[in-house]
Structure formats: C-alpha cells, structure tokens
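Commentary on secondary and tertiary structure
Each chain, letter by letter, is given below.
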Amino acid sequence: MAKSPSKKPEFLRKLLVSLKRKPQMIALLVLAAAFVYYSLNLTQVSNTTAKIYGNGMGLAEFATMLLSILSLVCFLNAFPHRKKTNVPMLVLMFIMVAVIFYCDLFYSGRITEAVTRADNPISATGANIYITNAQNMLKVHEILLIIAAALTALLPVYKPMIKRINTSVDVESNENMGEIDIRGEDA
C-alpha cells in the first residue's frame, strides 16, 4: 500500500513563497510577539506599579502599551503593498521602539531602586514575587525589541537571500503536453 504524500513540505513551500513576497513579515511577527508578551504580563507590571508607586512608573507602563500599538501601525504603513518603503513611517517606528526600550529601562530602574533602597526596601519575594517576574519580563521584552529593530534594519541584507530560495515545484507529467486535446469538441 502506497503512502499518501505529506502535506508538511507543501505547507513549508507555501510559507517560503509568502516570505519571498513579503520578507518584512519576519520583523513584524517579532514586533507583534513583543507586544503580545508585554500585554499578557501586564497584570504583573500593574501590580508592581501599585506596590512600588514610583515616580513615573504608571506613565512608563502606559507609554509602552500605547507606543507598542502605534509602532505596529507605523510598521504596517512603512511597508505598503506593492509600493516603495515609506521611510518617514519607518523612522517613526524606530523612534517609537527606542522610546519603548527607554520606558522598559526606566521602569526596571525604578524597580531596582525600590528593592535596594536603604530605608524600607520592598521585598521582591514571597507574596511580592510578581515584582521579580515583572523585572524579568521587562528584560525579555527589551531583547524582543532589539531583535525586532535589528530584523527591520537588516531587511535589505536578508531580503535577497530569501529571494534566492528555490520554491518551484517539480511537475512529473509535463512530457505529454502534445497529446492533450484542447479543441473543445465533444466526442
């Protein structure tokens, strides 16, 4: 009994074809993953803000969420379909990612300041473990932002490499093309 062909290679081929058409989707997915990761851990960040109540922590949290959404919109507008790259939108997206990165560093610094201060330090263990989790989450978020910015900046480098990937399909029965009747007459 013959095995039926697997759909996995065809799925991968179609994925590669779509990446050849829009290689910027790789950077967009990483940027979107950073936004989703921050959003899913927003409870820990909010609880940390409420516990520490540091100067500017809420504003940094709000700016990170707002600019994350706006940076995705700017990214989508920077690469319109079948048009040249919109450079002002791309620059605006990089500025927003830099501000988000700064907000993460600022917030993480406030956490460190509250945990290590001399008078009445806040314990980041036990019931307040969410403070440590928020600080670790911010480090991962910063790494994702760096990767997304690097992938966007290096798009002209890896775009030609992706275009060179062979995604053509070998068709076995093309040698009998002369025998096919295309006149349209019914027998």
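As a reminder, the structure under discussion sits directly above these lines.
These numbers come from a predicted model, not from an experiment. (Residues numbered from 1 in each chain as written. Predicted model: local features only at pLDDT ≥ 70, side-chain atom pairs only at ≥ 80, totals over all residues. Heavy atoms only, no water.)

Take helix α5 (residues 87–116) next. For α5, spanning 30 residues, the distance from its first C-alpha to its last is 43 Å, which sits close to the expected 44 Å at 1.5 Å a residue. Residues of α5 that are buried: L90, M93, M96, V97, I100, C103, D104, Y107, S108, I111 and A114. Next to the buried residues of α5 lie α2 (25–40), α3 (42–52), α4 (57–78) and α6 (129–153). (Helix = DSSP H or I, 4+ residues; strand = E, 2+ residues; numbered from the N terminus. Expected span 1.5 Å × (residues − 1). Buried < 20%, exposed > 50% of the residue type's maximum accessible area, 1.4 Å probe, protein only. Contact = heavy atoms within 4.5 Å.)

Following both chains from N to C, one finds α2 and α6 inclined at 165°, their axes separated by 8 Å at the closest point. It follows that α2 is roughly antiparallel to α6 by the angle criterion. Here α2 runs over α6; the crossing is left-handed. Each of I26, A27, V30, L31, A33, A34, Y37 and Y38 in α2 lies in contact with α6, whose residues at this interface are M137, L138, V140, H141, L144, L145, I147, A148, L151 and T152. (Axes fitted to C-alpha atoms, helices over the stretch in contact; angles between N-to-C directions. Parallel < 35°, antiparallel > 145°, perpendicular 65-115°, else oblique. Left-handed = near helix turned anticlockwise from the far one by under 90°.)

This part takes up the side chain of T64. Within the element layout of this structure, T64 appears in helix α4. Accessibility expressed as a relative area gives 1% for T64, which makes it buried. A distance of 2.8 Å separates a polar atom in the side chain of T64 from the backbone oxygen of A60. When neighbours within four sequence positions are excluded, T64 is seen to be in contact with Y38, I100, C103, D104 and H141. (Polar contact = N/O pair within 3.5 Å; in protein donor to acceptor, adjacent residues only side chain to side chain.)

On to the packing of aromatic side chains, then. A complete count under the given rule lists 2 aromatic pairs for this structure. Ring geometry for F75 against F79: centres 5.0 Å apart, planes inclined by 50°, an arrangement best described as tilted. Both residues of the pair, F75 and F79, belong to the buried class. (Phe/Tyr/Trp six-rings, centres within 6.5 Å; stacked < 30°, edge-to-face > 60°.)

This part takes up unusual backbone geometry. Here the phi dihedral of R82 falls at roughly 60°; this positive angle occurs in a residue that is not glycine. Following the sequence through the fold, R82 ends up in the loop between α4 and α5. Its identity as a non-glycine residue notwithstanding, N120 has a phi of 55°, on the positive side. By the element assignment, N120 lies in the loop between α5 and α6. Judged by relative accessible area, N120 falls into the exposed class, the value being 62%.

So, about the environment of V36. Positionally, V36 belongs in helix α2. Linking V36 and H141, residues 105 residues apart in sequence, is a C-alpha distance of 9.8 Å.

To continue, consider the pattern of salt bridges. Side-chain pairing between opposite charges can occur once the charged atoms of the two side chains come close. Summed over the entire model, instances satisfying the criterion amount to 2 salt bridges. Between R13 and E10 there is a salt bridge, with the nearest N and O atoms lying 3.0 Å from each other. Residue R13 and its partner E10 are both found in helix α1 (residues 8–21); the two are separated by 3 residues, about one turn of the helix. Look at R13 and you get partly exposed, because its relative accessible area is 24%. A residue is classified by how much of its surface remains accessible, and E10, at 32% relative accessible area, is partly exposed. Put simply, E113 and R110 hold a salt bridge, and the shortest N to O gap is 3.4 Å. Pair noted here: E113 and R110 are both in helix α5, with a separation of 3 residues, about one helical turn. (Salt bridge = Lys/Arg side-chain N within 4 Å of Asp/Glu carboxyl O.)

With respect to the secondary-structure elements, M96 resides in helix α5. Among the residues examined, M96 registers a relative accessible area of 11% and is labelled buried. As a C-alpha pair, M96 and A63 span 33 residues in sequence and 9.6 Å in three-dimensional space. Excluding residues within four positions of it along the chain, M96 makes contact with L67, L70, S71 and C74.

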